[in-house]
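# Understanding the architecture of this molecule
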Amino acid sequence: IATSDRDPGLILSPRHFLTSNRGLILFGVAWGAALFHAVMPTVAGFVTLRSLVLVMMTMLIITIMRSDKRILIISPLLVLSVLALVGYSFVEALFAQFPDYFSYEKKPDPRTLSYPGSLGESLVLQFIAFCLLLTAIIFRLAPDGAPKWDDPSLRHPMVVVTAVAALAIVASVVVDISVASNPALKGFLTTGIGKQFADSGDPITALSFAVLAYGAGTRGRVLTALFFSLAIIYLMVKSSIGLVQMPIAIVVVAVTFYLLIGKKNPYVIGLAACVILAFALIIVFGIAHTRYKTDLGPTASVFKTIKFVLSYKVILRQGQSAYCFNTIVSGHRPAPNSEKPFYFLSAVVPRFIYKDKPNLSRGHEFVTKYCGDTSTLNKQHYELVTILAEPVLEGGFTGLAAVQLFLGVSLTFVTLVMLRGGPITVITIVALLPWLTHFQQSFALYFANSVKMYFYMLPAIALLWWWMRRQGPVKPESSL
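Calculation criteria
Residues numbered from 1 in each chain as written. Predicted model: local features only at pLDDT ≥ 70, side-chain atom pairs only at ≥ 80, totals over all residues. Heavy atoms only, no water. Core = buried A, V, L, I, M, F, W, Y, C linked by side-chain atoms within 4.5 Å. Buried < 20%, exposed > 50% of the residue type's maximum accessible area, 1.4 Å probe, protein only. Helix = DSSP H or I, 4+ residues; strand = E, 2+ residues; numbered from the N terminus. Contact = heavy atoms within 4.5 Å. Axes fitted to C-alpha atoms, helices over the stretch in contact; angles between N-to-C directions. Parallel < 35°, antiparallel > 145°, perpendicular 65-115°, else oblique. Left-handed = near helix turned anticlockwise from the far one by under 90°. Salt bridge = Lys/Arg side-chain N within 4 Å of Asp/Glu carboxyl O. Patch = residues over 30% accessible without salt bridge, like charges linked within 9 Å, V, L, I, M, F, W, Y side chains within 5 Å. Areas by Shrake-Rupley, 256 points an atom, 1.4 Å probe, with all protein chains shown as cover. Disulfide = S-S within 2.5 Å. Arc of directions from axis to C-beta.

The next point concerns the nonpolar core. F209 and F227 are the most contacted members of the largest nonpolar core, which totals 124 residues. Per element, the largest residue contribution to this core is 14 residues, and it comes from helix α7 (residues 119-141). Non-local contacts of F209, meaning those with residues more than four positions away in its chain, are made with I169, F227, L230, A231, Y234, I250, V251 and A254.

In contact at an axis separation of 10 Å, helix α8 (residues 158-181) and helix α12 (residues 221-240) are set at 15 degrees when each is read in the N-to-C sense. Classified by the interaxial angle, the pair formed by α8 and α12 is roughly parallel. Here α8 and α12 pass one another in a crossing that is left-handed. Note on element contacts: α12 touches α8 through L223, L226, L230, Y234, V237 and K238, opposite T162, A166, I169, V170, S172, V173, D176 and I177.

Let us now look at the pattern of salt bridges. Oppositely charged side chains can form a pair if their charged atoms are brought close together. Under the criterion given, the structure shown has 8 salt bridges. The salt bridge partner of R50 is E121, with a shortest N-O separation of 2.6 Å. Residue R50 is found in helix α3 (residues 43-65), and its partner E121 is found in helix α7; the two are separated by 71 residues along the sequence. Two residues, K340 and E394, come together in a salt bridge whose shortest N-O distance is 3.4 Å. Of the two residues, K340 is situated in the loop between α16 (302-331) and α17 (363-370) and E394 in helix α18 (residues 386-420); the sequence distance between them amounts to 54 residues. The exposure class of K340 is partly exposed, given its relative accessible area of 46%. E394 gets classed as buried once you look at its relative accessible area, which sits at 15%. Taken together, the shared-partner salt bridges in this structure form one network comprising K340, R362, E365, E390 and E394.

Turning to a nonpolar patch on the surface, a few remarks are in order. Where nonpolar side chains cluster on the molecular surface, the patch consists of F36, V39 and M40 and spans about 360 Å² of accessible area. Mapped onto the secondary structure, F36 falls in helix α2 (residues 21-39).

The final tally for this structure, using the stated rule, is 1 disulfide. In this model C324 forms its disulfide with C371; the gap between the sulfur atoms is 1.8 Å. Torsion about the S-S bond of the C324 and C371 cystine: about 80 degrees, corresponding to right-handed handedness. With C324 in helix α16 and C371 in the loop between α17 and α18, this pair connects stretches of sequence that are 47 residues apart. Both residues of the pair, C324 and C371, belong to the buried class.

For α17, the complete set of buried residues consists of G363, F366, V367 and Y370. Along the long axis of α17, the arc covered by the buried residues comes to 110 degrees, so they all point the same way. At the C-terminal side of α17, G372 shows a positive phi close to 75 degrees.

Interpretation note: all reported values are geometric properties and have no functional meaning in isolation.
Structure, rendered in structure tokens:
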């Protein structure tokens, strides 16, 4: 009987099995089966693969949460696999089983119904199996022991740092309100130096929330209350001016980070439950108010609003994105002599060096050129088609293999650094996670944004590093 995670003997515990050599072989076989299924798909194969990756993912998450490597729960590879499985497999399969119930219109959307069992879904399932395999390898090979970033001697200097972070978030909220009410200021922030200033808002806010989450998790109650209060205010402001995905991702990542490192007492659990419920309501009503107010009408009940947003935004819009993704990978691959598998490398070259650099934001092009949309200049529609579509469009399946390998190596390195890095390193990676885990984004823009956001954060990271270095070690204090 195995007595440790590394014992190669007879394995009885699922936890031990998943982290043993036999477990890694199982993950590898699952990925190989998913690749083979992409070439020769069957209906039974899709059902089996969906169930298999779900079971493997669940057991892997349970194993991680029972270990001293809980930070792996927010590793980019694992988060990408969860988002891919939910958003580009389970949502569409659920819709296909209950189309009448989840349809906003009288007739089910045939685009969403055509996605389950498609080439697109098979590519997503193999990508999920690939990410789970790498996560299992990282968990298996990473050394045991408490992470270095949980340093009690930094709890005192973090008070000043969290105060600055809180002020940065407040400043961001004030700027958002000012821009929403001042057309001249909004115009200034769309070009030149103004645009650069506006683009720095999200990464600095993400870094500030990561700092606050670390401070709240290591210090205690006062900082915890400040952290959650600012998160609610931030989401409320963003929802009132037009909520987008990135603010939600920034807050969700920071809250998850806090829950991983914070004390698990009734106060924390109760507060977190209340705040998460508040987040959900803010997001739902923010989407309903800013985007679908005319569809719902002024007298819509709370239940109707929630059902409408879930049905229309989560099911229907997600299904349209999946359909567009499948259309691209199924029917728009380049000729073998025209493949550009490493097309994405130029995405990080600054535009002042690469004068003819193409526009990386291709959502309107995708939906109009490849997915049959009839948007007009006055009412344009954009589509997010995942990080897997553009590599196939530009480089065929060779391009997809190149991107997947590049992504696997890069994110494995990031995850290993996150496991063994110091506090500033972990805070930086947590702040970057909203961009590193944006599965819906086209890959060139995903790659460029991840690098760009890091450089926007770099001055603040340097200041944070300098402040931490100049503080002498202090004795751990009791929580506030």
